[in-house]
Every structure is written in structure tokens, then in C-alpha cells.
Amino acid sequence: MADNVVRLPKGINIGVDYYPEHWDEALWVKDADMMRDAGVKLVRMGEFAWCRFEPEEGRFDFEWLDRAVRLFAERDIYVVLCTPTNTPPQWLFEKYPEIVQVDKWGRRIQTGIRGHRCLNSPVYRELSEKIIAYMAERYKDERYVVGYQIDNELESNHCRCDVCKSRFREWIEKKYGTVEEINKAYGNNVWSGEYSDFSQVMPPMNDNEKWLNPSLNLDFNRYASDSTCDYVKFQSDIIRKISPDKFITTNTWLCANMPDFYDMFENLDIVSFDNYPAHVLPEDDETLYSHAFHLDLMRGVKNKNFWIMEQLSGMIGSWGPMSRAIQPGMMEGYSLQAIAHGADAVIHFRWRTAVSGAEMYWQGIIDHSNVPGRRYKEFCELCSKVREIQELDGTVCRNRIAILYSSDNEYAFKNQHQAEEMHYFEQMKQWHDAFICLGLGVDIISQKEKLNGYRIIVAPTMFVENKETVSNIYDAAAKGATVILTNRSGERDYNNKCIMKQLPVAYSELTGIKVSEYEALPDGMQVLLKFSEETDIRSECALKSGLFGKRWCDIIEENDKVEVLARYDEQFYKGAPAVTRNKYGNGEVYYFGTMLNRDGSIDFARQMAVSQGLDIIEGLEKGVEVTYRYGDKTWRFIFNNTQKEQKAIVDEEEIVLKPFEMNITSLH
Ligand code: GAL
């Protein structure tokens, strides 16, 4: 990361995404006035406007953007500009058809949509470079333009055009050097898969991914992520060279083909995220839903405060049926929730609802009718609330619990589902939820991070081995941290092959256990568990839903070294250990052979937190979150992320919260 000093606007800011090219210029003035009056401090523009910036090759027209930027500058509103590369214009596709992305069936995809260009296409890169450089040059001295968003919601590059196929082969050849090496690494002796030349390496095509070697699939995903990161670097290098004092980010999201977040943001100044929490919250007790999980994941990408580049502002729809309306309080509550978890800016998608194009039913703040309504009023209230908490500027989140995330695990798990409805994120969410329920904050960080300072380290589903991570976890436990490991850990080597050792392989010494057999459970099946007699776990769950496991059962061998905390209470493995605890160095290592129910995991989380001396809050209702930001003062946030009124007793004070209400207090 270039340690250049970029200028971020001061304060905690609310903004909107604005598309001046969609509206008559006369409306811009009215919009800008309304934004200023509401308290908007940031506007993001330009994201999809390539055809207006460059109506024909080499003829640039940025005068209209100059006027829009001035309009906002005159009202003291800062501007984030986007590189418009997500939507090359029609003339460009017509002139250079080779830039259109090729899908996995080998077809060039439909133009006229968006994001449908090949990130590696030389001519696309050349034309992108010209327009980006032009833009950066034009606004380098405009102090109201504070930063750039690269492209829009980049996914891993899954293009299969000839250029991309060769890039993939080059990536493979660079990594393995010889075909003998790759054959060995992949275990290509199965199904006569041995390569005799690198030209035979193909990305997964059609719908055959599940029939291909998982080693190849994992490498393809790693390559696809690297390819997107390379593209991000290509763009950021152009901007930074011309305009080194403006920040650069890209707006990321949780999508089907996610690039590795840590790599993608390595060269960027801040993380920004498109934040669309659920409109309708699950009412049952078992469903794990907490939008805080996404926010903690984003803050953890750079372990720094971040921005929301798009924030939910209305009902969603267009390519799917329309959703329910966002409920009263949601707009303000979800924005403040993002701030509580470390966001310093929350930019709302979008100021006006589009009246044409595919997204006309994805609501902005102002409706089609052009009559400011309930959501506009709530938006104004949010802006005034945020005006009152400006002292938060410079404060940060700081937690003692970390959950480790790895894109390798995510890719490998997605490629070969281990059990029905068992997803990589599930056990991460389970533990996140359990600690949040106790009023504790959690960082979600890269598995490659050093773990110093964390008291509890949750390493769920450590599926694909990464030697550095293994050694960091051993180290942290030796120094006194509590570690959580779960089923499906130690399963694969770095190349995504199974290992001929008893599970959890690399984690056997740490956990002190060996798994003799396992079974995957169908969705909906539960296996009863019971706490073992000698356990010190305070069982609250027994009074509620009981203790049971789902998704997966590791049958753990009995031994004299580890404590058995819970056993299976049915099936042919009735009586076998299901949850164990081992002492390792100064730390304790818990192993969960099955995925516990919610109440059960909260019982274990409580035990770990108490023995690590963390201050827990008892009795919080599901969906009530307590978070802190620290600076000269400590700020406490209590959020009711539910659809009903809730009471919370925190620091001996009873606080009543309306649905989606946030209580913010500066403590000292
Ligand atoms: C985001 C995207 C926006 C808009 C929005 C609503 O994912 O970045 O451009 O499409 O979703 O659909």
C-alpha cells in the first residue's frame, strides 16, 4: 500500500448517490438545494455515465459534470467521483466487440446491461486508461472532489474469452512451473486428468464445475480474484499518479463471485461497502440474522473505519418482485448501525428513484411522484441526528474477539457442499451471533492476520490449510487466548486435496482430539446432545430450546487428555464426545464437532468470555446489539434490530427502544 496521505472529509457524514445524467438540469438545482437543506455532505456521481462523458471515441464531454460538481461545491457538499468503466458505451462495443465478456458457455454476453466487459481486454484497458486519466486530470485541483470509487461492485473476473483463458494459463504456469508439478499438486492421476502441456489447462466451463478437479476450481477462483485485484490496481495507479491527495476505494458487496477482500483493498485507501440489510427480519429463534456481521466483516478488511457507498433507502425490486416497504425507523436505524460498527460516511442509494431503465423499482429517497414523502422526512431526521454526533469523528472500534475469514475456505466450500444447506459463513455467523448476544463486539479479520491482542479467536471451518494461519493460531493459544475450532477443519491441503490423516489434521495437537468418523446431516435434522456431567458450562439453553447439533457430526475419540464438555445423546454415536476443551500452553482450545443450536452456542460463548475476563451483558434480547467506539470518550450504541419494542438493561439502566431505534450515549 502506498502510504500517501489522502484527505478525507472531516466528520461523520451522510450522503446520497446521484445520477445527474438521468435528470433535466433544472432539477439539479432543486435537488442540490434540498440536499443541502437536509444536511447532505457527500454526493457520489458518474458511475455509469461513460456514454455521456465520451459520446464518441476520443471526444470527451465533462462540462456537464463540472456544472454538477460546482453546484454541490457551492452548497458545501463534497463529491466522490466514480470511474465509469462498469458500463462502456454502445459505440465502444460495436467498434471493439472483443471487449464483451464471454460467459462459461463460451458465449459473448448481451450488451446494453452492465458489468459485461472483460477486465483483461487490452483495448478496454487502453480506453479505460484514457478516460480515467482525463477525469483525474480534470478534477485534480477541485477540492470538493475528495475521492474516487473504482468501477462498481467488482466481482472476481469470471470471463472466459481467449485473452482470459491465456491469462489463466499464464497464472497457472507461473505458479507451478512444470506440468509434473501441477499434476502432483492437483492429483491429476484421477480420471486421466494429467496435463502434458499447459495449453491443456482450461477454466471451468458450462455447468461442469462439480465434475472437475476441486484443485483446479479453487485455483480458478484464486486466479479470478487476482485478476480483479490486478484491474483495481491498474485503475488506482492511474488515479494516484495524477491525483495523489484524493482517496481511492471501490464499492464492494457480498456476491456469488467475491474477490478476496484483503487483496482487493490492499492498494486502496478505504474500504467502502454497499449496505442493503434485510427488509423483513426472521422471527424464529434459530435463524441467524444479524446485519452487524457484514459490517464487522467490512471493518475488518483493513482493520479501519470504512464507508458505506450505497445504503438502503427504500423498497427493493426490479429484477425480482418488489419487497415490503422499509419500515419506519429502518432508514435511520440501519445507518446508525453502520456508524456504530465503524462507518464514517453513509451514502444512500439513491437520491431519486429511476423512472427508466432496469432499476426503476429500486427505490431511492424521493419517489417517482417527485413528492417528498415519509422516507425523505426520515432521511432529514437521520441527517440532524448525525449532526449531533460529530464528536465521534476519529473514534474507532476495538474488540477482543476475532473471527477468521478466508476466501479459500469460502471458494472450496462452495465448490463442494459438505452437507445440505451447510455454508461456509454459517459457523462464522453462529459465533458472531453468540458473542453479540452477550453484548460483546467482534472483529472479523483475514485468516492471515497476526492475532496479537485478541482474547478469543474463532477459527470456524478451517477447511483449506494455510500453514501461516495454523501457526498463528497455535501461537495465540500458547500465549493464553481461547480458540474455537469446528468440524470441517484441517480437511484439505493448500491445493484442496484431502489429507491421509485423522481429522482435524493440522489442528490435532492444538485440540488434543482425533475424529474417528463423521456424518453429514440433511437439512432440518437435529441430533440431541447433552452436557457432560463434569462440565462447568452454565446451561441456560436447557431451560429454552435444549442442546442439539445440526448440519454435521464429528465422532470424536475419547482420550484422557481433553475434557469432554458435551456428548451426543442419540444415533449410533450416542455417548461419543461432541464438544471438547483442551489446554494448550496458557490457552484453551474448544472443538465443536457439530454445529450447535443458538442457545447452546451462547452458553459456550458466555463461559469463554467470562473466563477471559470480558464484560458481558446478560439478558439481551435477540437483535439488541451493544457496540462501542473509542476515542477521547467512549461512545456506547444500543440498537434494536427487531420489529418490536425492546427493553435492554445496560449499565444498570433500563432502556426502552422502539423498532430499529438506536440509543447513543457518550460514557466518559
Ligand atoms: C448495487 C449497485 C447499484 C444498484 C443497486 C440496487 O448493487 O451497485 O448500482 O444496482 O445495487 O440494485
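Refer to the structure presented above.
The structure presented is a predicted model; accordingly, all values stated were derived computationally and were not measured.

**Points about the overall build of the protein chain**
Right, on to step 1. For the protein chain, the helix and strand inventory stands at 17 helices and 25 strands.
Right, on to step 2. Expressed as lengths along the three principal axes of its C-alpha atoms, the size of the protein chain is roughly 75 × 70 × 45 Å.
Right, on to step 3. Here the protein chain holds 668 residues, and the buried ones make up 61% of them.
Right, on to step 4. Here the contacts in the protein chain between residues at least 6 apart in sequence split such that 74% fall between residues at least 24 apart.
Right, on to step 5. Taken as two groups, the 79 positive and 104 negative side-chain charges of the protein chain have centres that lie 2 Å from each other.

**Some words on the site of the ligand**
Right, on to step 1. Close to the ligand lie F48, R114, N152, E153, D274, Y276, E310, W319, F349, E359 and W362, which account for all nearby residues.
Right, on to step 2. Within the contact set of the ligand, an oxygen atom lies 3.0 Å away from a side-chain nitrogen or oxygen of N152.
Right, on to step 3. In this structure, an oxygen atom belonging to the ligand sits 2.4 Å away from a side-chain N or O atom of E359.
Right, on to step 4. Looking at the shell around the ligand, its residues break down into five nonpolar, one polar and five charged.

**Some details on the environment of C118**
Right, on to step 1. Relative to the assigned elements, C118 resides in the loop between helix 4 (90-95) and helix 5 (122-139).
Right, on to step 2. Sequence separation between C118 and Q101 is 17 residues, and the spatial gap between their C-alpha atoms is 4.6 Å.
Right, on to step 3. Ignoring sequence-local partners within four residues, the contact set of C118 consists of I99, V100, Q101, Y124, C159, C161 and C164.

**Digging into empty space enclosed by the protein**
Right, on to step 1. Summed over all chains, the structure comprises one cavity of 30 Å³ or more.
Right, on to step 2. Here the largest cavity defines a volume of roughly 30 Å³.
Right, on to step 3. Contributing to the lining of the largest cavity are E540, C541, K544, D599, I602, D603 and R606.
Right, on to step 4. Partitioned by chemical class, the residues of the lining of the largest cavity number two nonpolar, no polar and five charged.

About the thresholds
Residues numbered from 1 in each chain as written. Predicted model: local features only at pLDDT ≥ 70, side-chain atom pairs only at ≥ 80, totals over all residues. Heavy atoms only, no water. Helix = DSSP H or I, 4+ residues; strand = E, 2+ residues; numbered from the N terminus. Buried < 20%, exposed > 50% of the residue type's maximum accessible area, 1.4 Å probe, protein only. Contact = heavy atoms within 4.5 Å. Lys, Arg positive; Asp, Glu negative; His and termini not counted. Charge placed at Lys NZ, Arg CZ, Asp CG, Glu CD. Near = heavy atom within 4 Å. Polar contact = N/O pair within 3.5 Å; in protein donor to acceptor, adjacent residues only side chain to side chain. Nonpolar A, V, L, I, M, F, W, Y, C, P; charged D, E, K, R; others polar. 1 Å grid on protein atoms, 1.4 Å probe; cavity = no way out; pocket = protein on both sides within 12 Å on 5 of 7 lines; lining within 4 Å. Points joined across faces, edges and corners; volume = space filled by probe spheres on them.

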